[in-house]
Amino acid sequence: MRDKLQLPRHVAIIMDGNGRWAKARKKPRFFGHKQGVKTVRRTVEYAAKIGIDSLTLYAFSSENWRRPEAEVKLLFELLSLSISEQLADLHKNNIKLNVIGDQAALPVRLTKKITRATELTQNNTGMQLNIALNYGAHWEIANAAKELALACVNGEMDANTIDENTLEAHLSTTGQAELDLMIRTGGEHRLSNFLLWQAAYAELYFTDTYWPDFNEAQLDDALAWFATRKRRFGKIDEQITARTG
Ligand code: FPP
């Protein structure tokens, strides 16, 4: 049986490689994204089943607007369709949906759907599923700074009380388990502006597998690797041994 103590509480995934997966099959990029949605569904179900507290998926970054307009449009349509198709199952599995990122620039039809889906699932007590949409960590941190500044200007807060905790309270993942494990598929070894604050102590796992080919066994590999990591959080080995026995 899986050792619950060694299971990461919060896992984030940069789902990369849809386009290359499709290209390798001489198909249009969109074919890879469609296959990627299937992987999302399986991954969400599996993560919830094994007891992950929070799963955060990078679906559309602030930088993805630079893609051809037709691909951006198709991605939004696919997301919208996925929410419609998967919402009932998410709710049935007691999953709480949360969308993080700057929603102001998203198509209204999509934001309406997101609002309905998050409202429906807000009282669910199982896994927290965060979908990052038009998300960028620089935007998130700047936005938190803006909210703090406004609170000071409005007299609700003293600027001298601003510290790491008050800033963190304004991030999109506030109140959730600390990020333990960040996975990136598709062979690149970078964080691409994803959860930069939250990843301060996360273990980083990179795999060459393209996202459409990622499966339960591969997630298990990442989890097994995580279980072998010694998480020191700045301490020395002896302190960790003393703490965990
Ligand atoms: C990266 O592959 C993937 C994306 C930019 C989009 C991820 C979106 C999905 C998997 C579908 C929808 C998600 C949800 C949550 C339902 P890429 O296009 O950058 O691939 P490449 O690097 O091979 O070109």
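Let me sum up the structure you'll find in this document. Computed from a prediction, not measured in an experiment: that's the story for all the values here.

What counts as what
Residues numbered from 1 in each chain as written. Predicted model: local features only at pLDDT ≥ 70, side-chain atom pairs only at ≥ 80, totals over all residues. Heavy atoms only, no water. Near = heavy atom within 4 Å. Polar contact = N/O pair within 3.5 Å; in protein donor to acceptor, adjacent residues only side chain to side chain. Areas by Shrake-Rupley, 256 points an atom, 1.4 Å probe, with all protein chains shown as cover. Helix = DSSP H or I, 4+ residues; strand = E, 2+ residues; numbered from the N terminus. Nonpolar A, V, L, I, M, F, W, Y, C, P; charged D, E, K, R; others polar. Patch = residues over 30% accessible without salt bridge, like charges linked within 9 Å, V, L, I, M, F, W, Y side chains within 5 Å. Salt bridge = Lys/Arg side-chain N within 4 Å of Asp/Glu carboxyl O. Lys, Arg positive; Asp, Glu negative; His and termini not counted. Charge placed at Lys NZ, Arg CZ, Asp CG, Glu CD. Core = buried A, V, L, I, M, F, W, Y, C linked by side-chain atoms within 4.5 Å. Buried < 20%, exposed > 50% of the residue type's maximum accessible area, 1.4 Å probe, protein only. Contact = heavy atoms within 4.5 Å. Expected span 1.5 Å × (residues − 1). Bend = angle between axes of the 7 residues up to and from the residue. Phe/Tyr/Trp six-rings, centres within 6.5 Å; stacked < 30°, edge-to-face > 60°. Lys NZ or Arg CZ within 6 Å of the ring centre and 35° of its normal. Pairing = 2+ DSSP bridges. Right-handed = clockwise from strand over helix to strand, strands pointing away. Axes fitted to C-alpha atoms, helices over the stretch in contact; angles between N-to-C directions.

Notes on the site of the ligand
- If you check the shell around the ligand, you find 18 residues, and the closest are Asp 16, Gly 19, Arg 20, Arg 29 and Arg 67.
- Measuring from an oxygen atom of the ligand, one finds a backbone N or O atom of Gly 17 at 3.4 Å.
- One of the side-chain nitrogen or oxygen atoms of Arg 67 is found 2.7 Å away from an oxygen atom of the ligand.
- Calculation on the ligand without its partners gives an accessible area of 630 Å², and the protein chains cover 91% of this total.
- Of the residues forming the shell around the ligand, the biggest block, 5 residues, is contributed by helix α2 (residues 29-50).
- Among the residues forming the shell around the ligand, the class breakdown is 7 nonpolar, 7 polar and 4 charged.

A look at a negative patch on the surface
- A cluster of like negative charges, contributed by Asp 163, Glu 164, Glu 168 and Glu 178, occupies part of the molecular surface.
- Within the element layout of this structure, Glu 168 appears in helix α6 (residues 164-168).

Notes on the nonpolar core
- With 40 residues, the main nonpolar core has Val 44, Leu 55, Leu 57, Leu 129, Leu 133 and Ile 183 as its most contacted residues.
- It is helix α3 (residues 69-92) that provides the largest number of residues to this core, a total of 7 residues.
- Residues contacting Leu 129, with those up to four places away along its chain left out, are Val 44, Leu 55, Leu 57, Leu 90, Ile 95, Lys 96, Leu 97 and Asn 98.

A few points about α3
- Over its 24 residues, α3 extends 35 Å from the first C-alpha to the last, a length consistent with the 34 Å expected when each residue adds 1.5 Å.
- Residue Gln 86 marks the point of greatest curvature in α3, where the axis turns by about 50°.
- Among the residues of α3, those classed as buried are Glu 71, Val 72, Leu 75, Phe 76, Leu 78, Leu 79, Ser 80, Ser 82, Ile 83, Gln 86, Leu 87 and Leu 90.
- On its buried side, α3 packs onto α2, β2 (54-61), α4 (108-121) and β4 (128-135).
- Two residues or fewer after α3 comes Asn 94, characterised by a positive phi angle close to 65°.

Things to note about the packing of aromatic side chains
- Taken as a whole and judged by the stated rule, the model has 9 aromatic pairs.
- Measuring from ring centre to ring centre gives 5.3 Å for Tyr 205 and Trp 225, while their planes differ by 55°; the resulting arrangement is tilted. Residue Tyr 205 is located in strand β6 (residues 203-206), and its partner Trp 225 is located in helix α7 (residues 216-228); the two are separated by 20 residues in the primary sequence.
- Exposure remark for Tyr 205: the relative accessible area of 17% places this residue in the buried category.
- What links up through ring pairs into an aromatic cluster is the set Tyr 58, Tyr 135 and Phe 194.
- Its guanidinium or amino end placed over the ring of Phe 31, Lys 27 lies 5.0 Å from that ring's centre, counting from NZ or CZ.

Comments concerning the pairing of β4
- Most of β4 is tucked away, with 8 of its 8 residues classed as buried.
- Inspection of the sheet shows β2 paired to β4 by 7 bridges, in the parallel sense. Residue pairing in the sheet places Thr 56 in a bridge with Asn 130 of β4.
- Bridge count for strand β3 (residues 96-100) against β4 is 5 bridges, and the pairing is parallel. Looking across to β4, one finds that Lys 96 is bridged to Gln 128.
- Since β3 and β4 lie parallel, the crossover through α4 that links them has a hand, and here it is left-handed.

Some details on the sheet that holds strand β5 (residues 181-184)
- Spatially, the 6 strands line up as an open sheet ordered β3-β4-β2-β1-β5-β6, and their pairing is parallel. Strand pairing shows two members of the sheet lacking a second neighbour, β3 and β6, which therefore form its edges. Averaged over neighbouring strand pairs, the angle between their axes works out to 20° when direction is ignored.
- Lying on the sheet, α2 is in contact with β1 (10-14), β2 and β4; it crosses β2 at an angle near 160°.

Things to note about α2
- Under the 1.5 Å per step criterion, the end-to-end length of α2 is 32 Å for 22 residues, consistent within 8% with the ideal 32 Å.
- Among the residues making up α2, those that are buried are Gly 32, His 33, Gly 36, Val 37, Thr 39, Val 40, Thr 43, Val 44, Tyr 46, Ala 47 and Ile 50.
- Considering only its buried residues, α2 is in contact with β1, α1 (18-24), β2, α3, β4 and α7.
- Positioned one or two residues after α2, Gly 51 has a phi angle of 100°, which is positive.

What to know about the side chain of Thr 185
- When you line up the elements, Thr 185 lands in the loop between β5 and β6.
- Its relative accessible area of 0% is what places Thr 185 among the buried residues.
- With sequence-adjacent residues up to four places away left out, Thr 185 is seen in contact with Ile 14, Met 15, Asp 16, Thr 207, Thr 209, Tyr 210, Trp 211 and Phe 214.

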